[in-house]
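Take a look at the letters that make up each chain.
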Amino acid sequence: MPDANQLVTENETLDNFATSKQKRLLISSLYSSLQPQTFLAAANVGIYHTDGQPVIVPDVFLSLDVQVSQNWWEKQNRCYMIWRFGKPPEVVLEIVSNKEGDELGKKLKIYEQMRASYYIVYDPNQQLGEKLLCVYELRGRRYFETSENWLEQVGLGITLWEGEFESRQNNWLRWCYQDGNVLSTGDERASIAEQRAQMLAERLRAMGVDPDNL
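Residues numbered from 1 in each chain as written. Predicted model: local features only at pLDDT ≥ 70, side-chain atom pairs only at ≥ 80, totals over all residues. Heavy atoms only, no water.

1. Some remarks on helix H4 (residues 186-206)
Here H4 spans 30 Å end to end across 21 residues, near enough to the 30 Å set by a 1.5 Å rise per residue. Glycine 208 occupies a position one or two residues after H4 and carries a positive phi of about 85°. (Helix = DSSP H or I, 4+ residues; strand = E, 2+ residues; numbered from the N terminus. Expected span 1.5 Å × (residues − 1).)

Right, here's the structure in full:
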């Protein structure tokens, strides 16, 4: 049996089960809850930020007031080129799987140079220190760590939440509104709608009305 410690389970292009599901939660809840607002959110999509510099691939990014070209199979439309979109993403987010990504060093400097308004580092296994969540805000030309999880410039917050997503009970990182309520996924919205429909049907039956014949 191979030693798992000698195997590559995640790197810049390879996801593990946990990070893959976490990214899906962050992206799906944005598209379920923020419509019809115009924005672009993606996971593992490259960002070209400076001519002559290599691509940077955040785990998740959010860019407001932009959208993908209709012909997204054309080479120049397949990834996020800042000179084509006219702006950097407002939020870039990294999920720490090991100590090799240098999220608080090299990557922080790149996103700072790129001038993303917020840089979020989620460290669920505390690989880099005691903090599970670090939020950096761009002030002038530099990032400053903030204790605020409300991202004023994008009108969203970020929070740690315990619950079930895709049949997995866990602690998750989620977007939230200013009142602390999390952005719902499509499945959560459907479940809420079903519960409301059942409550309405019960009230109608209590009034002597058969909801199935309406």
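2. A word on the pattern of salt bridges
On inspection of all chains with the given rule, the structure shows 10 salt bridges. A salt bridge links glutamate 94 to lysine 107; the nearest nitrogen and oxygen atoms lie 3.6 Å apart. Placement of glutamate 94 in strand S5 (residues 91-95) and of lysine 107 in helix H3 (residues 106-114) is noted, with a sequence separation of 13 residues between them. Neither residue differs from the other here; glutamate 94 and lysine 107 are each classed as buried. (Salt bridge = Lys/Arg side-chain N within 4 Å of Asp/Glu carboxyl O. Buried < 20%, exposed > 50% of the residue type's maximum accessible area, 1.4 Å probe, protein only.)

3. Quick notes on helix H1 (residues 17-33)
The first and last C-alpha atoms of H1 sit 24 Å apart over 17 residues, in line with the 24 Å expected at 1.5 Å per residue. With a side-chain oxygen positioned 3.1 Å from the backbone nitrogen of alanine 18, the residue opening H1 is asparagine 16. (Polar contact = N/O pair within 3.5 Å; in protein donor to acceptor, adjacent residues only side chain to side chain.)

4. With respect to the environment of proline 211
Residue position: proline 211 is located in the segment after H4. Judged by its relative accessible area of 18%, proline 211 falls in the buried class. With residues up to four places along the chain from it excluded, the contact list for proline 211 reads Ala201, Leu204 and Arg205. (Contact = heavy atoms within 4.5 Å.)

5. Let's talk about unusual backbone geometry
Residue proline 36 follows glutamine 35 across a cis peptide bond; omega there is 5°. Phi is positive for aspartate 65, close to 65°, though the residue is something other than glycine. With respect to the element layout, aspartate 65 can be found in the loop between strand S3 (60-64) and strand S4 (80-81). For aspartate 65, a relative accessible area of 64% gives the class exposed. One non-glycine residue, aspartate 102, lies in the positive phi region at around 55°. Note on aspartate 102: relative accessible area 39%, which makes it partly exposed.

6. Focus: the nonpolar core
Ranked by size, the top nonpolar core spans 24 residues in total, and within it Leu30, Ile158 and Trp175 carry the most contacts. Counting only elements with at least two residues in this core, the list comes to H1, strand S1 (39-43), S3, S5, strand S6 (118-122), strand S7 (133-139), strand S10 (156-165) and strand S11 (168-176). When neighbours within four sequence positions are excluded, tryptophan 175 is seen to be in contact with Leu26, Ser29, Leu30, Val91, Leu151, Leu156, Gly157, Ile158, Val182 and Leu183. Grouped together as the second largest cluster of nonpolar side chains are 21 residues, Ile56, Leu108, Tyr111 and Tyr143 included. (Core = buried A, V, L, I, M, F, W, Y, C linked by side-chain atoms within 4.5 Å.)

7. Focus on the sheet that holds S11
Spatially, S9-S10-S11 is the arrangement adopted by the 3 strands of the open sheet, whose pairing is antiparallel. The open sheet has two edge strands with one neighbour each: strand S9 (150-151) and S11. The sheet strands contacting H1 are S10 and S11, and the helix crosses S11 at an angle near 45°. (Pairing = 2+ DSSP bridges. Axes fitted to C-alpha atoms, helices over the stretch in contact; angles between N-to-C directions.)

8. Re the side chain of threonine 19
Looking at where threonine 19 falls in the secondary structure, it is placed in helix H1. Residue threonine 19 is classed as buried on the basis of its relative accessible area of 7%. Those residues in contact with threonine 19 that lie beyond four places of it in its chain are Ile95 and Ser97.

By themselves these figures say nothing about function.
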